[in-house]
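Each chain, letter by letter, is given below.
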Amino acid sequence: MALIPLNIPPGIHANGTSFKTGQQGRWWRGNLVRFQAGLLAPVGGWVKVSDTTLDGFARGMHAWRDNGLRRRLAIGTNEALYTYSDSGEIEDITPLYFAPGRVDGIYADGYGYGDYGDSTYGTARESSEERLLVGASTWALDNWGENLVGVASHEGVIYEWAPGDAAATEISEAPTANRSLIVTPERHLVALGADGNPRSVAWSDREDNTEWTASSTTLAGSIELQTQGLIECALKVRGEVLILTDQDAHSMRFVGSPLVYGFDRVGSACGVAGAHAAVAADGWAAWMGQGGFFIYDGAVRDLPSDVYDYVFSDINKIQRSKIFGGLNNDFSEIWWFYASAASTEIDRYVIWNYAEHVWSVGELARTSWAPTGVFNTPLLMSVDGTLYEHESGWTNNGTAIGSDRYAESGALSIAEGDSVMSVLKMLPDERSAGDTRVRFKTRFAPNGSETLYGPYSLSAFTDMRFQARQVSLLVEGVEDDDWRIGLPRFDVIEGGRR
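Read on for a plain summary of the structure. For every chain, the first residue of the written sequence is number 1, and numbering continues from 1 onward in sequence order. Only residues with pLDDT of 70 or above have their local features reported here, since the model is predicted, and side-chain atom pairs are shown and tallied only from 80 upward, although totals for entire chains, interfaces and linings are computed over all residues. In computing side-chain values, all of the structure's heavy atoms are included and hydrogens and water are not.

1. Notes on unusual backbone geometry
For the bond running from Ser 257 to Pro 258, omega is 0°, close enough to zero to count as cis. Across the junction of Gly 454 and Pro 455, the peptide omega takes the value 15°, indicating a cis bond. Turning to its location among the elements, Pro 455 is positioned in strand β40 (residues 451-457). With a phi close to 55°, Ala 177 is a non-glycine residue in the positive phi region. As for its position among the elements, Ala 177 is in the loop between β15 (169-170) and β16 (180-183). Burial classes follow relative accessibility: with a 1.4 Å probe on protein chains only, a residue under 20% of its type's maximum area counts as buried, one over 50% as exposed, and anything between as partly exposed. Judged by its relative accessible area of 37%, Ala 177 is partly exposed. Within the chain, Glu 207 stands out as a residue other than glycine whose phi angle is a positive 65°. Each helix is a run of DSSP H or I of at least 4 residues and each strand a run of E of at least 2, with the numbering of both proceeding from the N terminus. With respect to the helices, strands and loops of the structure, Glu 207 is situated in the loop between β18 (200-203) and β19 (221-224).

Below, the structure written as structure tokens:
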């Protein structure tokens, strides 16, 4: 007898087929699992924050503290604007004349759709090549001191709300028909896609979001980016603001009078997928593009992904405006949520662990994210308008998750893969025995018939009996608890070469 280690590197590798083109000996699919310190582990559970159900689909969230240090969260949907505080109350602060926006992204035909400069004037869109993709309605939200400022992409009106006010109100002096906004570290309110020009960046005077006229006595101003792209969003990165279009990336840096801000294009062919598909971390940013992942740390670079095929071969491109990302500080992760090709609403996620550069994937229906920092855990909105606190416990709001947490490997060759091996036991290298179980799919050849064995509850020495040249390992959760899977080993006897 001999102990054969199953050397499965950490991370999901979902590029290619399970044996021939890269997934052999790798984890190739999973759900609600992550990889930490090289070990397979469960993703935490979630609990409902409030029984209040919000109207519409949340497409933007922002957390901040007011001057009384109360934690606050703004939630923008296509139908309304809400705030939540650590008192547990959700308040409707929708502006009085707010017009509801689009639930889904659509291809627009005919006249009158799109932004200025999108295409030729007076031409009706008919064929699929000429139609304009109009995204679902999203919110850009930030805090102006203790006040909230925000704009909905379909409406373009910049609103402000002060804690205690009944509703947000329009900043009447601000530009209109804006695509997004951000507040800079220098205390300028910036309108992106200002006045209906999808390439225009306008900023208010310092400390005064009602003054937008450039003059010798103000620091207000505007510029049109030199790009063919349409502005999608902006993020605060250390020492600058990163502006992302659907085609390229631009840096916005404070330079003082008379220009106030300087602009440089820092990346091309790196367009962001949507208004919330970019995430700022500690001095850098990463985003999901329309056909890949990118990172900016002073220069834009491609972000290689082990799950590229899985994500981009099965994604609903018409609903890319719904894609959103979130920073999960405690686990050194960035999550992106997107709609699969068969769905019009978000039903999948992909995780990048930036500390260990490993990836994971899964299925979860969420629409918006607020990271840790102000609140202790990530806050996410579900498609039914419920706010959840994630990484809290191990269940789905008290309902067992169990075997919905799993990871499956591609084909693993036992020993050299030439001889038939008789497997007698498995030494799991697992913490919290009994919380997981395993199944095995065995074959005598890569394209041969498959035989399923198990499930086996893991223990220090798990008895089992099967013969194979290749085996796929399926690990499933049993108890909703913390567990770890490291380097399992088989106790085997070598057979013949039949």
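Next comes the rest of the description.
2. Focus on the sheet that holds strand β30 (residues 348-353)
Here, strands pair whenever DSSP counts at least two bridges between them. Taken together, the four strands give an open sheet; going across it, the order is β28-β29-β30-β31, and neighbouring strands pair in antiparallel fashion. Lying at the two open borders of the sheet, with one neighbouring strand each, are β28 (324-328) and β31 (358-363). Shown here is a sheet whose adjacent strand axes are inclined to one another by a mean of 20°, direction ignored. Looking at chain direction, β28 and strand β29 (residues 333-338) are connected through five bridges and run antiparallel. Residue pairing across strands places Gly 326 opposite Trp 335, the latter belonging to β29. Here an axis means a line fitted to C-alpha atoms, over the contact stretch when the element is a helix, while the angle between two N-to-C directions is reported on a 0 to 180 degree scale.

3. What about the pattern of salt bridges?
Salt-bridge detection follows one rule: a side-chain nitrogen of Lys or Arg within 4 Å of a carboxyl oxygen of Asp or Glu. Applying the stated criterion to the full structure yields 23 salt bridges. Here Glu 408 makes a salt bridge to Lys 441, at a shortest N to O gap of 3.0 Å. With Glu 408 in strand β35 (residues 406-409) and Lys 441 in strand β39 (residues 436-443), the pair connects residues that are 33 residues apart, well separated along the chain. On the basis of relative accessibility, which here comes to 3%, the residue Glu 408 falls in the buried class. Residue Lys 441 is classed as partly exposed on the basis of its relative accessible area of 22%. One salt-bridge network, in which partners are shared between bridges, spans Arg 59, Asp 104, Lys 322 and Glu 345.

4. Remarks on the pairing of strand β7 (residues 71-77)
With seven of seven residues buried, β7 is to be regarded as a mostly interior element. Burial along β7 is two-sided: the face carrying Arg 71, Leu 73, Ile 75 and Thr 77 and the face carrying Arg 72, Ala 74 and Gly 76 are both buried. As paired elements, strand β6 (residues 58-65) and β7 share six bridges and run antiparallel to each other. Bridging from a neighbouring strand, Ala 63 pairs with Leu 73 of β7. In sequence, β6 turns back onto β7 through a hairpin of five residues, with Leu 69 there showing a positive phi of about 65°. In this structure, β7 lies alongside strand β8 (residues 81-85), joined through five bridges in antiparallel fashion. Considered in β8, the bridge of Ala 74 is made with Thr 83. Turn length for the β7-β8 hairpin, with the two strands adjacent in sequence and antiparallel, is three residues.

5. Focus: the nonpolar core
Met 288 and Phe 440 are the most contacted members of the largest nonpolar core, which has 60 residues in total. Here, two residues are considered to be in contact whenever any of their heavy atoms come within 4.5 Å of each other. Each residue touching Met 288, except ones within four places of it in the same chain, is listed here: Val 272, Ala 273, Ala 277, Phe 293, Val 311, Phe 312, Ile 315, Ile 323, Trp 336 and Tyr 338. In this text, buried Ala, Val, Leu, Ile, Met, Phe, Trp, Tyr and Cys residues form a nonpolar core when linked through side-chain atoms within 4.5 Å. In terms of nonpolar packing, the next biggest core, distinct from the first, is built from 16 residues, Leu 54, Ala 63, Ala 80 and Leu 387 among them.

6. Focus on the packing of aromatic side chains
Working definition: rings of Phe, Tyr and Trp (its six-membered ring) pair if their centres are within 6.5 Å, and the pair is stacked with planes under 30 degrees apart, edge-to-face with planes over 60 apart, and tilted otherwise. Under the criterion given, the structure shown has 21 aromatic pairs. Residues Trp 284 and Tyr 354 carry aromatic rings whose centres are separated by 5.1 Å and whose planes lie at 75° to one another, so their mutual orientation is edge-to-face. With Trp 284 in the loop between β24 (278-280) and β25 (285-288) and Tyr 354 in the loop between β30 and β31, this residue pair connects regions lying 70 residues apart in the sequence. With 5.9 Å between their ring centres and 20° between their planes, Trp 335 and Phe 337 make a pair best called stacked. Phe 337 carries the same exposure label as Trp 335, and that label is buried. Here a set of aromatic residues connected by ring pairs shows up, and it is made of Trp 284, Phe 293, Tyr 308, Phe 312, Trp 336, Trp 352, Tyr 354 and Trp 359. By the criterion adopted, a ring carries a charge over it if an Arg CZ or a Lys NZ lies within 6 Å of its centre and within 35 degrees of its normal. Sitting over the face of the ring of Phe 331, Arg 34 holds its NZ or CZ atom 3.7 Å from the ring centroid. In this arrangement the basic side chain of Arg 187 is found over the ring face of Trp 144, its NZ or CZ atom lying 4.4 Å from the centre.

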